[in-house]
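Structure at a glance
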Amino acid sequence: MLHYVIKRICSVLAAFSMLAFSSVTSVRAEGTITQAQPMLPTSPLTITTQNGAKHNFIVELAKTEKQQETGEMFRQSIAANHGMLFLWDHPQRSDMWMKNTLVSLDILFIDSQHRIHALKERTIPFSEAVIKSHGVVSSVLELPAGTTERLNIVVGDLVESPAFQNENTAKP
């Protein structure tokens, strides 16, 4: 009799496990990104180079986890003076990739002093290679590929935007 009870309990637990697993996988399937996100709220942004040149952009603000996860995925193009600014909740090491991203980008990692800490030019569309910040940053800016070269934007340049005024980041 005890053997039957144990067998029945195991059977119920196995059924419950399968139900729980199917619920988890269905949530993941629903969370799969299959299309570009609608345009996000925008803000002006200016990059001032070390020689004093100012370059103005309009950037979409990716603030939520879902907006940041989707980023520029499935976008067909990005206008010359546009981009996307990822605002982190707190300074952190940042890893990016180009999964499902159709267009090449310049990725600029921005520190808590709003200076370009690192950059990766002309990323490879669809690549799942990790693009690292090489240190702690408070935000990441994505611009159309070739922008940094064309405008002579380099590590150390200053990035200014009203979007930074609402940061809840701790300054080191």
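For clarity, every value in this text was computed on a predicted model and none was experimentally measured. Note on numbering: residues in each chain are counted from 1, in written sequence order. Owing to the predicted nature of the model, reporting of local features is limited to residues with pLDDT of at least 70; listing and counting of side-chain atom pairs is limited to 80 or more, with chain, interface and lining totals taken over all residues. As a rule here, side-chain values cover all heavy atoms of the structure and leave hydrogens and water aside.

**Remarks on the pairing of strand 1 (residues 42–48)**
Three labels apply to residues, based on accessible area from a 1.4 Å probe with only protein chains included: buried if under 20% of the type maximum, exposed if over 50%, partly exposed otherwise in between. Strands are runs of DSSP state E lasting at least two residues, helices are runs of H or I lasting at least four, and both sets are numbered from the N terminus onward. Most of strand 1 is tucked away, with five of its seven residues classed as buried. Bridge count for strand 1 against strand 2 (residues 54–62) is seven bridges, and the pairing is antiparallel. When the bridges of strand 2 are listed, Thr42 appears paired with Glu60. Counted between consecutive antiparallel strands, the loop separating strand 1 from strand 2 contains five residues, among which Gly52 sits at a positive phi close to 95 degrees. Whether two strands pair depends on DSSP finding at least two bridges between them. Here strand 1 runs beside strand 7 (residues 158–160); their pairing, made up of three bridges, is antiparallel. Paired with Thr48 across the bridge in strand 7 is Leu158.

**A short note on the packing of aromatic side chains**
Centres within 6.5 Å make a pair out of two Phe, Tyr or Trp rings, where for Trp the six-membered ring is used; the pair is then stacked when the planes are under 30 degrees apart, edge-to-face when over 60, and tilted otherwise. One pass over the full model with this rule turns up one aromatic pair. A centroid spacing of 6.0 Å and a plane angle of 45 degrees characterise the contact between Phe86 and Trp88, whose relative ring orientation is tilted.

**Some remarks on the environment of Glu60**
Summarising the element assignment, Glu60 is placed in strand 2. Relative accessible area serves as the criterion here: at 8%, Glu60 is assigned to the buried category. For the pair Glu60 and Ser43, spaced 17 residues apart in the sequence, the C-alpha separation amounts to 6.5 Å. Every residue pair with non-hydrogen atoms within 4.5 Å of one another is taken to be in contact. Here Glu60 is in contact with Pro38, Met39, Leu40, Pro41, Thr42, Arg75, Gly83, Met84 and Leu85, once residues within four sequence places are set aside. Here the side chain of Glu60 touches Arg75 through a polar contact of 2.6 Å, side chain to side chain. Any pair of nitrogen or oxygen atoms within 3.5 Å is treated as a polar contact; in protein, a donor-acceptor pairing is required on top of that, and neighbouring residues in sequence qualify only through side-chain atoms on both sides.

**Details of the nonpolar core**
In globular proteins that are soluble, nonpolar side chains generally tend to be buried together. Leu45, Ile47, Phe57, Leu85 and Leu141 are the most contacted members of the largest nonpolar core, which totals 17 residues. Elements represented by at least two residues in this core include exactly strand 1, strand 2, strand 3 (82–96), strand 4 (105–110) and strand 6 (131–144). Among the elements that make up this core, the one with the highest residue count is strand 2 (three residues). Once residues lying within four places of it in the same chain are set aside, the contact partners of Phe57 are Ser43, Pro44, Leu45, Ile47, Ala80, Asn81, His82, Leu143, Thr147, Leu151 and Ile153. Buried Ala, Val, Leu, Ile, Met, Phe, Trp, Tyr and Cys residues that are joined via side-chain atoms within 4.5 Å together make up what is termed a nonpolar core. Grouped together as the second largest cluster of nonpolar side chains are 16 residues, Phe86, Met96, Met98 and Val140 included.

**Focus: the side chain of Ser133**
Relative to the helices and strands, Ser133 is located in strand 6. Overall, the relative accessible area of 1% leaves Ser133 in the buried class. At a separation of 2.9 Å, a polar atom in the side chain of Ser133 contacts the main-chain amide nitrogen of Ser94. Only 2.6 Å separates the side chain of Ser133 from the backbone oxygen of Gly135, close enough to count as a polar contact.

**Some thoughts on the pattern of salt bridges**
Basic side-chain nitrogens of Lys or Arg form a salt bridge, by our definition, when they fall within 4 Å of a carboxyl oxygen of Asp or Glu. One pass over the structure, following the stated rule, counts four salt bridges. Note that Lys132 is salt-bridged to Asp95, the shortest N-O span being 3.9 Å. Pair noted here: Lys132 is in strand 6 and Asp95 is in strand 3, with a separation of 37 residues, a long-range link. Classification of Asp95 as partly exposed rests on a relative accessible area of 48%.

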